[in-house]
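Residue-level listing of the chains:
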Amino acid sequence: MTASPRSPVDRQAISRDLETSRRLLHELLVAGTGDLRRRSDGTRWTNEQLLFHMVFGFMVVRVLLRLVRLLGRLPATVGGSFAAVLDSARRPFDVVNYWGSRGAALVFDHARMGWICDRTITALQRHLAGESEDSLHRGMAFPTSWDPYFAPHMTLADVYRYPTRHFEHHRRQLTLRPGTGST
């Protein structure tokens, strides 16, 4: 039996989306202090805390890539069990996720988020360019209760696409003045 051909991953599109998110973040970070302290829409975070959470979405991908590279080589039952354990830990994850973004935004505020995001996205783009086609198609089970953009099975390419989807989802929840980061 021959393997079905897989479509090549469009690395340029993924890299372009990462770059768009980087540019938009910098546009959003110029919001005034009053805008940044305002509550976001649909979360318990302020706009600044939500912005950090959005940046953190890029940062966590670096860890997720390592997990997929490791667990994607093991039998599917291992990855499935790992995802089930993570799904069972959703409540503590939600607490850490919420309070972590609140606390981190105090240190990595709007004045520091830009360079963190720049550094992270540059690293993601560099790693993406160096991935083999086979590795980009390797995947594993994911905890679907943790994030609406996690699928039951995600490839390495899916993980590279994840942070821009997460970013756009939360960008719609910001309550910054019209025109801030809207281009």
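Look a little higher up for the structure.
Residues numbered from 1 in each chain as written. Predicted model: local features only at pLDDT ≥ 70, side-chain atom pairs only at ≥ 80, totals over all residues. Heavy atoms only, no water.

Undergrad: In this structure, what is going on with the environment of arginine 73? I would like to understand it.
TA: Relative to the helices and strands, arginine 73 is located in the loop between helix 3 (47-71) and helix 4 (76-88). Arginine 73 sits in the exposed class, given a relative accessible area of 60%. A sequence separation of 65 residues divides arginine 73 from arginine 138, and the C-alpha atoms of the two residues are 7.8 Å apart. At 3.2 Å, the side chain of arginine 73 forms a polar contact with the backbone oxygen of arginine 69. (Helix = DSSP H or I, 4+ residues; strand = E, 2+ residues; numbered from the N terminus. Buried < 20%, exposed > 50% of the residue type's maximum accessible area, 1.4 Å probe, protein only. Polar contact = N/O pair within 3.5 Å; in protein donor to acceptor, adjacent residues only side chain to side chain.)

Undergrad: Just checking my understanding: could you explain the nonpolar core for this structure?
TA: Within soluble globular proteins, side chains that are nonpolar tend to cluster in buried spots. Core analysis: the largest hydrophobic core is formed by 43 residues, its most contacted members being Leu51, Phe142, Val159 and Tyr160. At the level of elements, helix 1 (11-28), helix 3, helix 5 (90-107), helix 6 (110-130) and helix 8 (156-171) are the ones that each hand at least two residues to this core. In terms of residue count, the dominant contributor to this core is helix 3 (11 residues). (Core = buried A, V, L, I, M, F, W, Y, C linked by side-chain atoms within 4.5 Å.)

Undergrad: What should I look at first to understand the pattern of salt bridges in this one?
TA: Oppositely charged side chains may form a pair once their charged atoms are brought near each other. Summed over the entire model, instances satisfying the criterion amount to 11 salt bridges. A salt bridge links glutamate 19 to arginine 22, with the nearest nitrogen and oxygen atoms 3.0 Å apart. Remark: arginine 22 and glutamate 19 occur in helix 1; sequence separation between them is 3 residues, near one turn of the helix. With a relative accessible area of 35%, glutamate 19 lands in the partly exposed category. Look at arginine 22 and you get buried, because its relative accessible area is 11%. Residues aspartate 118 and arginine 22 are paired through a salt bridge, measuring 3.6 Å at the closest nitrogen-oxygen approach. Of this pair, aspartate 118 sits in helix 6 while arginine 22 sits in helix 1, and the two are 96 residues apart along the sequence. Via salt bridges that share partners, Glu19, Arg22 and Asp118 belong to a single interconnected network. (Salt bridge = Lys/Arg side-chain N within 4 Å of Asp/Glu carboxyl O.)

None of the figures reported here should be taken as evidence of function without further support.
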